[in-house]
Amino acid sequence: GNDGLDISGTTITLEDINIFEPGDKGISGGEESSIEANNVKITGGYVGVAGKDNSKIKINKIEVSNCEYGFAVYQKKPEFGPSSIDASLSTLKENKNDYIVEKKSSLTVNNEIILGGEDKVYEKLYPGQ
């Protein structure tokens, strides 16, 4: 009913991951995590991949479909900083929004740099929490 993979404060490599209809996020990386992933498919859920709280996520070959947000990059906790996601060979299909990126965080999709322009992304994603 929640995240498919919830990774916090660690370094990890993921290979050949399929996540179908997670309750919230397909992959959630936070608290200074370093994540490398290859061959990922996420279908459904609220956020496909979330990078938060000074995490660095690098994904090679990913498909995110039918999510509210394909990628979300932001700072949730004040003791951490902005985050980054670098996704190559990416396919985004039928998401309501392909991404939301907070100021100072960054997203790169298929070598296109998408700089953060939003304020308080966590509050926008989860109002009232």
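Above this note sits the structure.
Residues numbered from 1 in each chain as written. Predicted model: local features only at pLDDT ≥ 70, side-chain atom pairs only at ≥ 80, totals over all residues. Heavy atoms only, no water.

J.: Any details on the sheet that holds strand S5 (residues 47-52)? Residues and values, ideally.
T.: Strand order in the open sheet formed by five strands is S1-S3-S5-S7-S9, with parallel pairing between adjacent strands. This sheet does not close on itself; its edge strands, each paired only once, are strand S1 (5-8) and strand S9 (97-101). For this sheet, the mean inter-axis angle between neighbouring strands, taken without regard to orientation, is 5 degrees. With four bridges connecting them, strand S7 (residues 69-74) and S9 associate as parallel partners. Paired with Val-73 across the two strands is Val-101, which belongs to S9. (Pairing = 2+ DSSP bridges. Helix = DSSP H or I, 4+ residues; strand = E, 2+ residues; numbered from the N terminus. Axes fitted to C-alpha atoms, helices over the stretch in contact; angles between N-to-C directions.)

J.: Describe the pairing of strand S3 (residues 25-30), and please don't skip the residues or the numbers.
T.: Counted residue by residue, S3 has six buried out of six residues, so it is predominantly covered. In this structure, S1 lies alongside S3, joined through four bridges in parallel fashion. When the sheet's bridge partners are listed, Leu-5 is paired in S3 with Ile-27. Summarising the sheet, S3 and S5 pair through four bridges and their orientation is parallel. (Buried < 20%, exposed > 50% of the residue type's maximum accessible area, 1.4 Å probe, protein only.)

J.: Give a detailed account of the packing of aromatic side chains, specifying residues and quantitative values.
T.: All told, the structure shown has four aromatic pairs when counted by the stated rule. Ring geometry for Tyr-46 versus Tyr-69: centroids 5.9 Å apart, planes at 80 degrees, classification edge-to-face. Remark: Tyr-69 occurs in strand S7 and Tyr-46 occurs in the loop between strand S4 (34-43) and S5; sequence separation between them is 23 residues. Take Tyr-46: its relative accessible area is 24%, and that puts it in the partly exposed class. Through pairs of rings, three or more aromatic residues link up here, namely Tyr-46, Tyr-69, Tyr-74, Tyr-122 and Tyr-126. (Phe/Tyr/Trp six-rings, centres within 6.5 Å; stacked < 30°, edge-to-face > 60°.)

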